[in-house]
Amino acid sequence: QNYHPFRHRRNCSPLLRHYPHHRRRSPFNVLGGLLKADLQLRRGVICSWAVEDNLWLRRSAILAQLKYKADTDVELLCAAIEPSMGDNNFFARKAIGWALREYTRTDPDFVIAYVKHHKDALSNLSKREAWKLLIKNGFVDAIP
């Protein structure tokens, strides 16, 4: 039986109970939306969360700018990724790849250079996720 967190309506908050699951915003979109307007707050939150012991705060720091496209602060993205590069946790490695993959839609040349520069530090999962669209769209042939 598949687990679905909102399957048991009595366990949901009243607000979520009547809001269709497919229309709920992910926590990363909510966080990103809150931080987008205030660059100073964004830098403070992302930089402090990126070095936390808590995996979920580090992951949130990595994914906070996920939908910013051209408004992504690349320096801040790198600062969020680098403390988690050596983490063996699946969710940390996946978040790094996911953030880089999304940014390939905006600046594929940056992502190519970043992955090549950090090829020894990035996990295979992170590299594979980062390069998915690059390989699909013919920017690169293989993962370094």
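A quick note: this is a predicted structure, and the numbers were derived from the prediction, not measured.

Q: Which parts of the structure should I look at to understand empty space enclosed by the protein?
A: Empty pockets left among the atoms are what a rolling probe the size of a water molecule brings to light. Taken as a whole, this structure holds one cavity of 30 Å³ or more when the rule is applied. Here the largest cavity defines a volume of roughly 90 Å³. If you go around the largest cavity, you meet 13 residues; those closest to its centre are Gln65, Leu66, Thr72, Glu102 and Tyr103. Looking at the lining of the largest cavity residue by residue, the classes come out as six nonpolar, three polar and four charged.

Q: Got a minute to help me understand the pattern of salt bridges in this structure?
A: Any two side chains of opposite charge can pair, on the condition that their charged atoms come close. The full count for this structure, using the stated rule, is eight salt bridges. Arginine 101 is the partner of glutamate 129 in a salt bridge, and the nearest nitrogen-oxygen pair spans 2.3 Å. Placement of the pair is glutamate 129 in helix α8 (residues 124-136) and arginine 101 in helix α6 (residues 90-104), with a sequence separation of 28 residues. Accessibility classification places glutamate 129 together with arginine 101 in one group, the buried group. The shortest N-O distance in the salt bridge between lysine 132 and glutamate 129 comes to 3.1 Å. With lysine 132 and glutamate 129 both in helix α8 and three residues apart, this pair spans about one turn of that helix.

Q: Is there a simple way to explain unusual backbone geometry in this structure?
A: When glycine is set aside, most residues are seen to have a negative phi, and most peptide bonds are trans. Backbone geometry at lysine 69 places phi at a positive 50 degrees, although glycine is not the residue there. As for its position among the elements, lysine 69 is in the loop between α4 (55-63) and α5 (74-81).

Q: Can you help me understand the side chain of arginine 58 in this one?
A: Residue placement: arginine 58 occurs in helix α4. Judged by relative accessible area, arginine 58 falls into the buried class, the value being 10%. Polar contacts involving the side chain of arginine 58 include one to the side chain of serine 84, which spans 3.1 Å. Apart from the residues lying within four places of it in its own chain, the contact partners of arginine 58 are Trp49, Ala50, Val51, Glu52, Asp53, Ser84 and Asp87.

Q: Could you clarify how one ought to interpret the nonpolar core in this entry?
A: Soluble globular proteins: nonpolar side chains tend toward being buried together. Leu35, Ile46, Ile62, Ile81, Leu100, Val111 and Val115 are the most contacted members of the largest nonpolar core, which has 31 residues in total. Not counting residues within four places of it along the chain, the set of residues in contact with leucine 100 comprises Ile81, Val111, Tyr114, Val115 and Ala130.

Q: Help me understand a nonpolar patch on the surface, please; the structure alone is not making it clear to me.
A: Together, Trp56, Phe90 and Phe91 line one region of the surface with nonpolar side chains, adding up to about 320 Å² of accessible area. Following the sequence through the fold, tryptophan 56 ends up in helix α4. On the basis of relative accessibility, which here comes to 46%, the residue tryptophan 56 falls in the partly exposed class.

Q: Sorry, what's going on with the packing of helix α7 (residues 108-117) against α8 here?
A: A packed helix pair is summarised by two numbers, namely the angle formed by the two axes and the spacing between the axes. Contact pair α7 / α8: the axes reach a minimum separation of 11 Å and the direction vectors enclose 150 degrees. As the angle between them shows, α7 and α8 are arranged roughly antiparallel. Considering only the axes of α7 and α8, their crossing is left-handed. Counted together, Pro108, Val111, Ile112, Val115 and Lys116 of α7 and Lys127, Ala130, Trp131 and Leu134 of α8 form the full contact between these two elements. Looking at the contact of α7 with α8, its residues break down into seven nonpolar, no polar and two charged.

Q: What is the right way to look at α8 in this model?
A: Every α-helix winds through 3.6 residues per turn, so residues three or four apart in the chain are directed the same way. Taking 1.5 Å per residue as the helical rise, α8 with its 13 residues ought to reach 18 Å, and the 17 Å between its terminal C-alpha atoms agrees with that figure. Maximal helix bending in α8 amounts to about 35 degrees, located at alanine 130. Along α8, the residues classified as buried are Leu125, Ser126, Lys127, Glu129, Ala130, Trp131, Leu133 and Leu134. Elements that come into contact with the buried residues of α8 comprise α6 and α7. Directly beyond the C-terminal end of α8, a positive phi value near 80 degrees is found at glycine 138.

What counts and what doesn't
Residues numbered from 1 in each chain as written. Predicted model: local features only at pLDDT ≥ 70, side-chain atom pairs only at ≥ 80, totals over all residues. Heavy atoms only, no water. 1 Å grid on protein atoms, 1.4 Å probe; cavity = no way out; pocket = protein on both sides within 12 Å on 5 of 7 lines; lining within 4 Å. Points joined across faces, edges and corners; volume = space filled by probe spheres on them. Nonpolar A, V, L, I, M, F, W, Y, C, P; charged D, E, K, R; others polar. Salt bridge = Lys/Arg side-chain N within 4 Å of Asp/Glu carboxyl O. Helix = DSSP H or I, 4+ residues; strand = E, 2+ residues; numbered from the N terminus. Buried < 20%, exposed > 50% of the residue type's maximum accessible area, 1.4 Å probe, protein only. Polar contact = N/O pair within 3.5 Å; in protein donor to acceptor, adjacent residues only side chain to side chain. Contact = heavy atoms within 4.5 Å. Core = buried A, V, L, I, M, F, W, Y, C linked by side-chain atoms within 4.5 Å. Patch = residues over 30% accessible without salt bridge, like charges linked within 9 Å, V, L, I, M, F, W, Y side chains within 5 Å. Areas by Shrake-Rupley, 256 points an atom, 1.4 Å probe, with all protein chains shown as cover. Axes fitted to C-alpha atoms, helices over the stretch in contact; angles between N-to-C directions. Parallel < 35°, antiparallel > 145°, perpendicular 65-115°, else oblique. Left-handed = near helix turned anticlockwise from the far one by under 90°. Expected span 1.5 Å × (residues − 1). Bend = angle between axes of the 7 residues up to and from the residue.

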